[in-house]
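Listed below are the residues making up each chain.
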Amino acid sequence: MIKATDINVTITRRMTETTGAYNGAILGAISGLVEGTKVVTAKGFQRVEEIKAGDRVVTHDNGLQVVRAVRRTPVWTAAVCPRSMQPLFVPAGAIGNAADMILLPHQAVMVDSAAAREELGDASVLMLAKDLDGVRGITRITPEAPAYVVSLEFDNDEVIFAASGAMCICRAAVDVDAVAPTRAYTTLKSRSDAGLVAAVRAELSDDLARAA
């Protein structure tokens with residue numbers, strides 16, 4: 001079995017935090033970037049846990065953008081991790097990432113697809129990591145120890161670069177006193193978009209087979 005310790009992502013051990021319940025309703029517990037994941041910023045590559053509010057991060061569509069809030073959420077703190085909460089191991093090259101990485105199941109990533117272009121008019125589409133399970137070596141793993149997930153928030157939805165190439169969505173900061181943020185990106189869902197999700201999965205798998 002592939003273990004979190006087998007890949008080039010440092011997960012700090014916090015063995016004193018060995019109790020706690022999983023709460024699938026807390027989005028931060030199933031999306032966000034695992035500590036140790038490197039992100040492209042104005043200062044170069046930085047571990048996501050080193051980024052602070054006010055720092056600038058390189059985004060896919062809007063260049064450098066200011067981080068408005070940073071949220072840290074403990075994960076994998078219970079004795080048994082239910083499958084719905086299990087992270088996914090993403091080998092280098094699977095989704096543009098130059099380094100192996102770990103993604104939480106509901107972290108959305110951007111992939112390119114001819115099927116998406118045909119149906120939506122845009123080849124770039126966001127998919128949840130859990131819907132890529134089994135594609136290009138992406139597989140669920142059992143976490144060995146508690147860790148933290150870091151969620152970066154911006155004025156609007158932004159796609160950032162993680163693990164030297166993977167494109168991950170970061171949602172807009174929520175501020176009831178501010179103007180409603182622009183949510184420019186829609187994520188495919190396995191239930192409502194089952195046909196297109198299946199087509200993108202097949203296309204990604206075929207691309208890997210041809211490359212081999």
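Remember, predicted model here, so these are calculated numbers, not experimental data. (Residues numbered from 1 in each chain as written. Predicted model: local features only at pLDDT ≥ 70, side-chain atom pairs only at ≥ 80, totals over all residues. Heavy atoms only, no water.)

Draft legend 1. Representation of the environment of arginine 136 within the structure. Its place among the elements puts arginine 136 in the loop between strand E10 (124-128) and strand E11 (139-140). Distance in space between the C-alpha atoms of arginine 136 and arginine 201 is 9.3 Å, their sequence separation being 65 residues. Here alanine 94 takes part through its backbone oxygen, which lies 2.9 Å from a polar atom of the side chain of arginine 136. (Helix = DSSP H or I, 4+ residues; strand = E, 2+ residues; numbered from the N terminus. Polar contact = N/O pair within 3.5 Å; in protein donor to acceptor, adjacent residues only side chain to side chain.)

Draft legend 2. Representation of the pairing of strand E4 (residues 56-59) within the structure. Burial of the side chains of E4 is restricted to one face: Val57 and Thr59 are buried, whereas none of Arg56 and Val58 on the reverse face is. As paired elements, E4 and strand E5 (residues 63-66) share four bridges and run antiparallel to each other. Each bridged residue has a counterpart across the sheet, and for valine 57 the counterpart in E5 is glutamine 65. Hairpin connection from E4 to E5: three residues lie between these consecutive antiparallel strands. (Buried < 20%, exposed > 50% of the residue type's maximum accessible area, 1.4 Å probe, protein only. Pairing = 2+ DSSP bridges.)

Draft legend 3. Structural view of the packing of aromatic side chains. A complete count under the given rule lists zero aromatic pairs for this structure. Seen from the ring of tyrosine 148, arginine 72 lies directly overhead, with NZ or CZ sitting 4.3 Å from the centre. (Phe/Tyr/Trp six-rings, centres within 6.5 Å; stacked < 30°, edge-to-face > 60°. Lys NZ or Arg CZ within 6 Å of the ring centre and 35° of its normal.)

Draft legend 4. Structural detail: the state of the cysteines. For the coordinates displayed, the defined rule picks out zero disulfides. No disulfide involves cysteine 168; its sulfur sits 7.3 Å from that of cysteine 170, the nearest cysteine. Residue classification places cysteine 168 among the buried positions, given a relative accessible area of 0%. (Disulfide = S-S within 2.5 Å.)

Draft legend 5. Inspection of the pattern of salt bridges at higher detail. Tallied over the entire structure, the rule returns seven salt bridges. Here lysine 52 ties to aspartate 55 by a salt bridge, and the two come within 3.8 Å at their closest N and O atoms. For lysine 52, a relative accessible area of 48% puts it in the partly exposed group. Owing to a relative accessible area of 13%, aspartate 55 belongs among the buried residues under this scheme. (Salt bridge = Lys/Arg side-chain N within 4 Å of Asp/Glu carboxyl O.)

Draft legend 6. Up close: the nonpolar core. If you look at the biggest cluster of nonpolar residues, it comprises 36 residues, and the most contacted ones within it are Leu33, Val57, Ile95, Leu103, Leu152 and Ile160. Tallying contributions element by element places helix H2 (residues 194-211) first for this core, with four residues. Residues within four places of isoleucine 95 in sequence aside, it is in contact with Val90, Leu103, Val109, Val111, Leu132, Ile138, Gly165 and Ala166. Val34, Val75, Met85 and Leu104 belong to the second-largest nonpolar core, a separate cluster that totals 11 residues. (Core = buried A, V, L, I, M, F, W, Y, C linked by side-chain atoms within 4.5 Å. Contact = heavy atoms within 4.5 Å.)

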